[in-house]
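These are the residues of each chain, in order.
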Amino acid sequence: MKNSLPWEEILRTLHAATILNDGWLGGDVSRVYGSDLMSDILSFSKPNSLLLTGLINPQTIRTAEMVDIAAICFVHGKRPHDDTLDLARENQLPLFCTRFSMFEACGRLFAVGLGDGEDFPRPPGS
């Protein structure tokens, strides 16, 4: 696994379109976390991660803000409604979308060396 990747490479890998970003992105990304369960995001995500999710409601923005998510990329080409956009803008949280499924988006990022930042032991022989 690589330690981190520049935002440009991540967005290119996901074929991501920018929904909202007024120059708020900085540095590289070292982790990605994908989930539609807000309780899992609160429990397991790490600060400065890219969040992949299919949830486009304001609660996603509130949850991301609580755990210091660096940016959100919505999967399946979903785009948030105005109230979600307003909250993201207020919190200076960049938003992107990709046409890929959660599975495909996570797989593509893993293939270019980005993981969740955890060092899980590999099974013998792998």
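Quick note: structure is the one above.
Below: a short report on this structure. Note that the coordinates shown come from a computational prediction; the quantities given were computed from them, not determined experimentally.

### A look at the packing of helix H3 (residues 58–66) against helix H4 (residues 82–90)
With their axes 8 Å apart at the nearest point, H3 and H4 run at an angle of 20 degrees to one another. Taken together, H3 and H4 sit at an angle that is classed as roughly parallel. By crossing handedness, the relation of H3 to H4 is classed as right-handed. Taken together, the residues of H4 that come into contact with H3 (itself represented by Pro58, Ile61 and Arg62) are Asp83, Thr84, Leu87 and Ala88. Here the residues of the contact of H3 with H4 sort into four nonpolar, one polar and two charged.

### Describing the sheet that holds strand S4 (residues 32–34)
Pairing is mixed across the open sheet formed by five strands, whose spatial order is S2-S7-S6-S5-S4. Edge strands, defined here as strands with exactly one partner in the open sheet, are strand S2 (17–20) and S4. Between one strand and the next, the sheet's axes are offset by a mean angle of 25 degrees, whatever the strand orientation. Here three bridges tie S2 to strand S7 (residues 95–97), and the two strands are oriented antiparallel to one another. Bridge assignment links threonine 18 to a residue of S7, and that residue is phenylalanine 96. Here H3 sits on the sheet in contact with strand S5 (50–53), strand S6 (71–74) and S7, set at roughly 145 degrees to S6. Contacts from helix H5 (residues 102–111) reach S4 and S5 within the one sheet, and its direction differs from that of S5 by about 150 degrees.

The rules behind each value
- Residues numbered from 1 in each chain as written.
- Predicted model: local features only at pLDDT ≥ 70, side-chain atom pairs only at ≥ 80, totals over all residues.
- Heavy atoms only, no water.
- Axes fitted to C-alpha atoms, helices over the stretch in contact; angles between N-to-C directions.
- Helix = DSSP H or I, 4+ residues; strand = E, 2+ residues; numbered from the N terminus.
- Parallel < 35°, antiparallel > 145°, perpendicular 65-115°, else oblique.
- Left-handed = near helix turned anticlockwise from the far one by under 90°.
- Contact = heavy atoms within 4.5 Å.
- Nonpolar A, V, L, I, M, F, W, Y, C, P; charged D, E, K, R; others polar.
- Pairing = 2+ DSSP bridges.

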